[in-house]
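One letter stands for each residue in the lines below.
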Amino acid sequence: MVERYDRLTELTCYADLLKIMPVIKIKQWALEGNSLDAASMMDMVAAKRYAVALSLIRQRLAIVTDDLCNLFCRQMKRALHSAEEALEKYLTDNQEKTDEILRRFAMLETLLNSTQSADEQLKGVRQAVTARPDLCEFSRLHAEYGGKNEFRFVWQFFKPRRAAMLRILSKLKLESTSQDASFERSLAFMLENSHRQSEWLTLRDKGKIALTADDLGWISEKWWKLVTGEIKRDTVPTRINRRQFEACVCSQMVRELKSGDLCVIGSDAYSDHRNELVPMAECERTRADYGEKVGLPVESAAFIEHVRTLLTEAAQQADKTYQENAYFKIINGRPKLGRQQKKEIPPGFKEMDDTLRRKLDSMGLSLLDVLTDTMQWIG
């Protein structure tokens, strides 16, 4: 898939020419190119042929880019799911230690409330604590990383996928959709130092990219100790654990892509939707005409008042008719909206659909071919 991405990227060297075209027009050309063979393409005028070819290549590259993003997200979710299972196994296997710690803690309370001298109590406490060094180590790890912190186990499941994950990230062109570019810098820092062998990386390294403590603000509490080695959040870190930082960045990458805080240039599902909007200058020029045609006020105050009126009327209408809604109920003082029942298939529809498909098969056509030809004819 990465090789296909590279080949298509080489073919899109002139794709910038399509930036002046509306997105819907590019998609229409790509749909047309999908249905044509080489002979039909050669019959086109040269300018139209090049435009259709570029649109088709752009669409195929977007599909491969989406597939790489989806593959990355699926692999990271599997690693996180395996880490959750490992945590459950860890807690189950160490349940005996947990019970023993609680038992010894209760024993210490009984000892401290006894009539023994202070020296004898201290001796008993020391013996109860030092008799089981494994319990001390278990308690220390539990206190440092948290008892239910599945991120402690992510690296061991991320390691077999590491090479493929970093290879995908090195190919994708990522860009933050907000003014906060701290995660984008952290991602670049991780990729720049991915060849390192050392366990710890200094934030102000000799490389081209350096991080500050503010750039690590996106790291969650569960990851903080694993990545920085610091227990307290207010402590300014000077280094990060390379392995844990890679796993942390890749897991955060999934959330950034799903939330839209990070976009992938050249993608379709993970693209920046703002690039598909009408330019502001065009909006200013056509705003009055658009408002007149659709019957909406275009001035700020009038538009807000119009929307507020629509919402108020809709709320009042809902208050009047909610008792007649069969799907709406109030349970324990809280509104609940039930699922709408699936509509029944009209009589004879399935038989008609099967008949149509058999006729198309006898003619060597598919339903997709017919729909594609219809869309071209309409276009």
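Attention here is on the structure that accompanies the text. (Residues numbered from 1 in each chain as written. Predicted model: local features only at pLDDT ≥ 70, side-chain atom pairs only at ≥ 80, totals over all residues. Heavy atoms only, no water.)

**Section: the pattern of salt bridges**
Here's step 1: Applying the stated criterion across every chain, the model contains 11 salt bridges.
Here's step 2: Among the ionic pairs, Arg185 bridges to Asp215, the shortest N-O distance being 2.7 Å. Highlighted residues: Arg185 in helix α10 (residues 182-192) and Asp215 in the loop between β2 (200-202) and α11 (221-228), separated in sequence by 30 residues.
Here's step 3: When its relative accessible area of 37% is taken as the criterion, Arg185 is described as partly exposed.
Here's step 4: Linking Glu284 and Arg287 is a salt bridge whose minimum nitrogen-to-oxygen distance equals 3.6 Å. Here the residue Glu284 and the residue Arg287 both occupy positions in helix α13 (residues 280-294), the gap between them amounting to 3 residues, near one helical turn.
Here's step 5: In this structure Glu284 comes out as partly exposed when scored by relative accessible area, which is 47%.
Here's step 6: A network of salt bridges, in which partner residues are shared, links Arg162, Arg242 and Glu246. (Salt bridge = Lys/Arg side-chain N within 4 Å of Asp/Glu carboxyl O. Helix = DSSP H or I, 4+ residues; strand = E, 2+ residues; numbered from the N terminus. Buried < 20%, exposed > 50% of the residue type's maximum accessible area, 1.4 Å probe, protein only.)

**Quick word on the packing of α10 against helix α12 (residues 242-259)**
Here's step 1: Viewed as axis vectors pointing N to C, α10 and α12 meet at an angle of 140°, and their least axial separation amounts to 10 Å. In this view, α10 runs oblique relative to α12, as classed from their interaxial angle. Once α10 is placed against α12, the crossing between them reads as left-handed. Seen from α10, the contacting residues are Phe183, Ser186, Leu187, Phe189 and Met190; seen from α12, they are Phe245, Glu246, Val249, Gln252, Met253 and Glu256.
Here's step 2: In terms of residue class, the contact of α10 with α12 is made up of 7 nonpolar, 2 polar and 2 charged. (Axes fitted to C-alpha atoms, helices over the stretch in contact; angles between N-to-C directions. Parallel < 35°, antiparallel > 145°, perpendicular 65-115°, else oblique. Left-handed = near helix turned anticlockwise from the far one by under 90°. Contact = heavy atoms within 4.5 Å. Nonpolar A, V, L, I, M, F, W, Y, C, P; charged D, E, K, R; others polar.)

**Here's the deal with the packing of helix α2 (residues 23-34) against helix α4 (residues 46-93)**
Here's step 1: With their axes 8 Å apart at the nearest point, α2 and α4 run at an angle of 95° to one another. Considered as vectors, α2 and α4 are oriented roughly perpendicular to each other. Each of Ile26, Trp29, Ala30, Glu32, Gly33 and Asn34 in α2 lies in contact with α4, whose residues at this interface are Lys48, Ala51, Val52, Ser55, Leu56, Arg58, Gln59 and Arg60.

**Some details on the environment of Asp119**
Here's step 1: Examined against the element boundaries, Asp119 turns out to sit in helix α6 (residues 118-130).
Here's step 2: A residue is classified by how much of its surface remains accessible, and Asp119, at 64% relative accessible area, is exposed.
Here's step 3: Sequence separation of Asp119 and Glu256 is 137 residues, and the distance between their C-alpha atoms is 58 Å.

**Things to note about the nonpolar core**
Here's step 1: Core analysis: the largest hydrophobic core is formed by 54 residues, its most contacted members being Phe72, Leu169, Trp223, Phe245 and Met253.
Here's step 2: The biggest single contributor to this core is α4, with 13 residues.
Here's step 3: Once residues lying within four places of it in the same chain are set aside, the contact partners of Met253 are Phe72, Leu169, Leu174, Phe183, Leu187 and Leu262. (Core = buried A, V, L, I, M, F, W, Y, C linked by side-chain atoms within 4.5 Å.)

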